[in-house]
Amino acid sequence: YHSETNPNGIINLGTAENKLNNVEMLSKLNDPKVSTVTAEQLLYGPNPGSDRLRIEIAKLLNRYLKPKVSFTMENICVGNGCGPLTNLCGEVLFDHGDAVLVPGPYYGGFEADLKYGSRVYTIPVPHCEGDCLKVDEAALEKALKNANRPIKGIIIANPNNPFGRCYSAEQLLLFCNFAKSHGLIVICDEIYGLSTWRDITEENIEEGKCIEDYHYLPDPENTHGLWGFSKDFCLNGLRIGCTISYSKTVMAAMQKICFLTCIPTNIDNILVNILSDVEWTDQFILNNNRKLLKNYTHLTNSLNAHNIPYVKGDSGFFIYIDLHQAGIDELDLWMKLLEGGVYISPSQAFFSEDKASERNWFRMCFAVEQDELNLSLDRLYK
Ligand SMILES: Cc1ncc(COP(=O)(O)O)c(C=O)c1O
């Protein structure tokens, strides 16, 4: 779809991309002071990212995620996106054939990132009835007991994908304590961690809600994070993420094999130049969250008017909507929507359970200009 060159094309609200800040980001990236390539950058750089970049990322995450124990560059290993770094975690933390629990429905990339490269398998754990962000100990125990592979960890996304919402502090601690008591490793993917907009005000944005935020971690040696630039900085195509860990052993192992995931030196330099402009960075994040809240409010007003139920969001840029009222099978509806010119992601892309209440939900991204959002809604309601 393009409003001028392809107005009848399919609007893509299925891929998790944020297009609301292209003007701001492009003017920063195309500033010669930010992007000029120097002779030094023609040489090999440090595989885990430059010290300068790791320092800047640690400062940024300390500012927004407010971990109880501040991050330093020693806790950060930079790489070419959270997807490849999830695979790196799989290689470093587990053995081929191991499995990890994952609260479902879940971000489909986890399955591919862990399975295709590191041969680690995902085992979904159902949420409590009536609250998709609540997973109780009994469900975790049951999944552990019934698994046909050795379970070695838990992977979660917080803010959650596909729900666009943060877990509660209690829930995060439940995951961590459960993991500790069963000797499991926790991987927490916080790629939407700076796109939290629930209590946004004129002056401030809500402090990020991350696993490190609430409490001293029950088992810091076995709890590892992921964060990246794809979502919070709208830079999917540049391919940059990082692993975050307090464990010296895990960091040492990652730094040994991260030559497989290292980022280009000029991108490293561009990111240093962006993040070291703290005023610009903070303004960018604040503006982004204001725009996300505005689009979310606009979208939910419209969904309410059409009696379409949805999971209430507070972060990220998609919403999980319930299209049972269409009265047809999920994949048939998905095809119908594509034919009608709008692409949104069906619950099966998130490995939803094969039961009526879990199917016919769709994840819809809303980080597009309002004209495009309105046109998508027109196509959806038809
Ligand atoms: C939860 C989650 N993790 C990881 C990724 C992939 O991130 P990256 O672009 O850094 O590889 C995505 C992209 O949609 C995501 O939603």
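The rules behind the values
- Residues numbered from 1 in each chain as written.
- Predicted model: local features only at pLDDT ≥ 70, side-chain atom pairs only at ≥ 80, totals over all residues.
- Heavy atoms only, no water.
- Helix = DSSP H or I, 4+ residues; strand = E, 2+ residues; numbered from the N terminus.
- Rg over C-alpha atoms; globule rule 2.2 N^0.38 Å.
- Buried < 20%, exposed > 50% of the residue type's maximum accessible area, 1.4 Å probe, protein only.
- Contact = heavy atoms within 4.5 Å.
- Areas by Shrake-Rupley, 256 points an atom, 1.4 Å probe, with all protein chains shown as cover.
- Lys, Arg positive; Asp, Glu negative; His and termini not counted.
- Charge placed at Lys NZ, Arg CZ, Asp CG, Glu CD.
- Pairing = 2+ DSSP bridges.
- Axes fitted to C-alpha atoms, helices over the stretch in contact; angles between N-to-C directions.
- Parallel < 35°, antiparallel > 145°, perpendicular 65-115°, else oblique.
- Left-handed = near helix turned anticlockwise from the far one by under 90°.
- Nonpolar A, V, L, I, M, F, W, Y, C, P; charged D, E, K, R; others polar.

J.: When you look at the overall build of the protein chain in this model, what are you seeing that I'm missing?
T.: Of the regular secondary structure elements, the protein chain holds 13 helices and twelve strands. Against the globule reference of 21 Å for 382 residues, the protein chain gives a C-alpha radius of gyration of 21 Å, in line with a compact fold. If you line up the protein chain on its principal axes, its C-alpha atoms span 55 × 55 × 40 Å. Looking at the 382 residues of the protein chain, the share that counts as buried comes to 55%. Long-range pairs, those at least 24 residues apart, make up 74% of the contacts in the protein chain with a sequence separation of at least 6. A total of about 16,600 Å² of accessible surface is found on the protein chain, and carbon and sulfur atoms cover 53% of it. Between the mean site of the 34 positive side-chain charges and the mean site of the 48 negative ones, the protein chain shows a separation of 1 Å.

J.: I keep staring at the sheet that holds strand β11 (residues 345-346) and nothing clicks. Help me out?
T.: Within a sheet, neighbouring strands are paired by backbone hydrogen bonds and run either parallel or antiparallel to one another. As summarised here, the arrangement of the three strands in space is β9-β12-β11, forming an open sheet in which the pairing is antiparallel. Among the strands making up the open sheet, the edge pair consists of β9 (318-322) and β11. By the bridge criterion, five bridges tie β9 to strand β12 (residues 361-365) in an arrangement that is antiparallel. Paired with Tyr320 across the bridge in β12 is Arg363. Where helix α11 (residues 278-305) meets the sheet, it contacts β9 and β12, and its direction lies at approximately 10° from that of β9.

J.: What am I meant to see in the side chain of Ser302 here?
T.: With respect to the helices, strands and loops of the structure, Ser302 is situated in helix α11. By relative accessible area, which is 16% here, Ser302 ends up buried. Excluding its chain neighbours within four sequence positions, the residues that come into contact with Ser302 are Leu377 and Tyr381.

J.: For this particular structure, what's the right way to read the packing of helix α3 (residues 51-65) against α11?
T.: Between two packed helices, the angle of one axis relative to the other and the distance separating the axes together describe the packing. Packing of α3 against α11 brings their axes to within 12 Å, and their N-to-C directions diverge by 45°. In terms of orientation, α3 and α11 fall into the oblique class. Crossing of α3 against α11: the hand is right-handed. Contacts between α3 and α11 involve Leu60, Arg63 and Tyr64 from the former and Val278, Thr281, Asp282 and Ile285 from the latter. Partitioning the contact of α3 with α11 into residue classes produces four nonpolar, one polar and two charged.

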